[in-house]
Amino acid sequence: MTDPYHTRSENSNSSRKAYRECEVKWWAVNVEHTHTITPTDDMLAGSLVHCMALEPDKLDEFREAHPEIWTKGSKNVKPRLREKFAAAERTAEAMLANPMLADLLDGVREIVYTGTIAGVPWRGKLDCISVERQRIVDLKKVPSVDGEVWVPNRQLPWVVRRGEYLPVVEARGIHYQLGLYRELVEQRRIEIRELVCIAYTLQDPPAFRVYIVNNEAKLAQAMEDLTQTGIEMERLKAHGGMGLLACGSCEVCRSMGIVETEEI
Ligand SMILES: [Zn+2]
């Protein structure tokens, strides 16, 4: 199933991340669309939680489009959801049954906003926005809600010295994502006062953590970095991808047989 959203030409936070990880991958996946990343079970489980929690009317369609989430079954045994996907459905049900989380998810779901930042086109698909409550909410699957990951120096602009342990959602760039969404929404003269990330696990029972993303200094640094990266990406597109840097280890580099040399 090709999602036309992912083949649009504007930049998105995920294309920015792909570009930062590996320019060759970004070019193949996000610019020329010659390579599609095969979703892992983990990615699919996240999509299933999203679907069930945000767009339950599309659940049947999702289940049909992804036969791999079911066990094989036989003449006498009906196919069942594989464990990871049963966990995903359990998590979505728990999320919706929790009054605080259900309240946070009150709003318009899966809506696309586009805009221009420093002359560069950007887009964002918001999990949930409430215009009345001036709030944007994003869902993120994490391995555990109190786990922190090591972020090396400068991988995020505010991480200095050798590096820092940060919550998973921060390490993965939640300030970039929600900063971008707020900017795109505010360009439509809709004021946003609250940026929220609901982190969830697929544990049984699942854990949740609500992050209020309100560090304006980090949001400003993320937006500054995103703006500059957008300009770089547009420049590379204008030059037909001349001089792209390969990482030599991602799915695309491996499939292209790219081998990097390093002096140590
Ligand atoms: Zn690569």
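Above this text sits the structure in question.
Report follows, based on the coordinates. Worth saying up front: this structure is predicted, and the values here are computed from it rather than measured.

1. Looking at the overall build of the chain
Line of reasoning, step 1. Looking only at helices and strands, the chain has ten helices and seven strands in total.
Line of reasoning, step 2. Relative to the compact-globule value of 18 Å for 264 residues, the chain shows a C-alpha radius of gyration of 19 Å, a close match.
Line of reasoning, step 3. Principal-axis analysis of the C-alpha atoms gives the chain an extent of 55 × 45 × 35 Å.
Line of reasoning, step 4. In the chain, buried positions account for 30% of the 264 residues.
Line of reasoning, step 5. Put simply, of all contacts in the chain between residues at least 6 apart along the chain, 62% involve residues at least 24 apart.

2. Focus on the nonpolar core
As a rule of thumb, soluble globular proteins bury nonpolar side chains together.
Line of reasoning, step 1. The biggest cluster of nonpolar side chains holds 42 residues, and the ones touching the most others in it are Leu-48, Val-49, Ile-136, Tyr-181, Cys-197 and Ile-198.
Line of reasoning, step 2. Elements represented by at least two residues in this core include exactly α3 (41-54), α5 (83-97), β2 (120-130), β3 (135-141), α8 (174-186), β6 (194-200) and α9 (216-238).
Line of reasoning, step 3. When residues in this core are grouped by element, the largest group, seven residues, is from α8.
Line of reasoning, step 4. Ala-28, Val-31, Met-233 and Cys-250 belong to the second largest nonpolar core, which has twelve residues in total.

3. Considering the environment of Val-31
Line of reasoning, step 1. Within the secondary structure layout, Val-31 lies in helix α2 (residues 23-31).
Line of reasoning, step 2. For Val-31, a count of 20 C-beta atoms within 10 Å gives the class buried.
Line of reasoning, step 3. With 22 residues separating them in the primary sequence, Val-31 and Ser-9 have C-alpha atoms 7.3 Å apart.

4. Structural notes on α8
Line of reasoning, step 1. The end-to-end C-alpha distance of α8 is 18 Å, a good match for the 18 Å that 13 residues give at a rise of 1.5 Å each.
Line of reasoning, step 2. Counted residue by residue, α8 has eleven buried out of 13 residues, so it is predominantly covered.
Line of reasoning, step 3. Among the residues of α8, those classed as buried are Ile-174, His-175, Tyr-176, Gln-177, Leu-178, Gly-179, Leu-180, Tyr-181, Arg-182, Leu-184 and Val-185.

5. Comments concerning α3
Line of reasoning, step 1. Given a rise of 1.5 Å per residue, 14 residues ought to cover 20 Å, and the 20 Å separating the end C-alpha atoms of α3 matches this to within 8%.
Line of reasoning, step 2. Residues of α3 that are buried include every one of Ala-45, Leu-48, Val-49, Cys-51, Met-52 and Ala-53, and no others.

6. Things to note about unusual backbone geometry
Line of reasoning, step 1. Put simply, Asp-204 and Pro-205 share a cis peptide bond, and its omega is -5 degrees.
Line of reasoning, step 2. As for its placement among the helices and strands, Pro-205 is situated in the loop between β6 and β7 (208-212).
Line of reasoning, step 3. The backbone of Glu-110 shows a phi angle near 50 degrees, a positive value even though the residue is not glycine.
Line of reasoning, step 4. Of note, Glu-110 is situated in strand β1 (residues 108-117).

7. Considerations on the sheet that holds β3
Line of reasoning, step 1. Across the sheet, five strands lie side by side as β1-β2-β3-β6-β7; this open sheet has mixed pairing. At either margin of the open sheet sits one strand with a lone partner, and together these are β1 and β7. Ignoring strand direction, the axes of neighbouring strands in this sheet form an average angle of 40 degrees.
Line of reasoning, step 2. One ladder, built from three bridges, connects β2 with β3; its direction is antiparallel. Bridging across to β3, Ser-130 finds its partner in Arg-135.
Line of reasoning, step 3. Each of β1 and β2 touches α9; the most contacted strand, β2, lies at about 135 degrees to it.

8. With respect to the pairing of β1
Line of reasoning, step 1. Here nine bridges tie β1 to β2, and the two strands are oriented antiparallel to one another. Bridging from a neighbouring strand, Thr-116 pairs with Pro-121 of β2.
Line of reasoning, step 2. Where β1 folds back on β2, the antiparallel hairpin that results is connected by two residues, among which Ala-118 adopts a positive phi of roughly 55 degrees.

9. Section: the packing of α8 against α9
Line of reasoning, step 1. Close contact between α8 and α9 brings their axes to 9 Å; oriented N to C, the two are set at 80 degrees. One finds that α8 runs roughly perpendicular with respect to α9. Residues His-175, Tyr-176, Gly-179, Leu-180 and Glu-183 of α8 touch α9, and the partners they reach there are Lys-218, Leu-219, Ala-222, Met-223 and Leu-226.
Line of reasoning, step 2. Classifying every residue of the contact of α8 with α9 gives six nonpolar, two polar and two charged.

Analysis parameters
- Residues numbered from 1 in each chain as written.
- Predicted model: local features only at pLDDT ≥ 70, side-chain atom pairs only at ≥ 80, totals over all residues.
- Helix = DSSP H or I, 4+ residues; strand = E, 2+ residues; numbered from the N terminus.
- Rg over C-alpha atoms; globule rule 2.2 N^0.38 Å.
- Buried ≥ 20, exposed ≤ 12 C-beta atoms within 10 Å, placed from the backbone.
- Contact = placed C-beta atoms within 7 Å.
- Core = buried A, V, L, I, M, F, W, Y, C linked by C-beta atoms within 7 Å.
- Expected span 1.5 Å × (residues − 1).
- Pairing = 2+ DSSP bridges.
- Axes fitted to C-alpha atoms, helices over the stretch in contact; angles between N-to-C directions.
- Parallel < 35°, antiparallel > 145°, perpendicular 65-115°, else oblique.
- Nonpolar A, V, L, I, M, F, W, Y, C, P; charged D, E, K, R; others polar.

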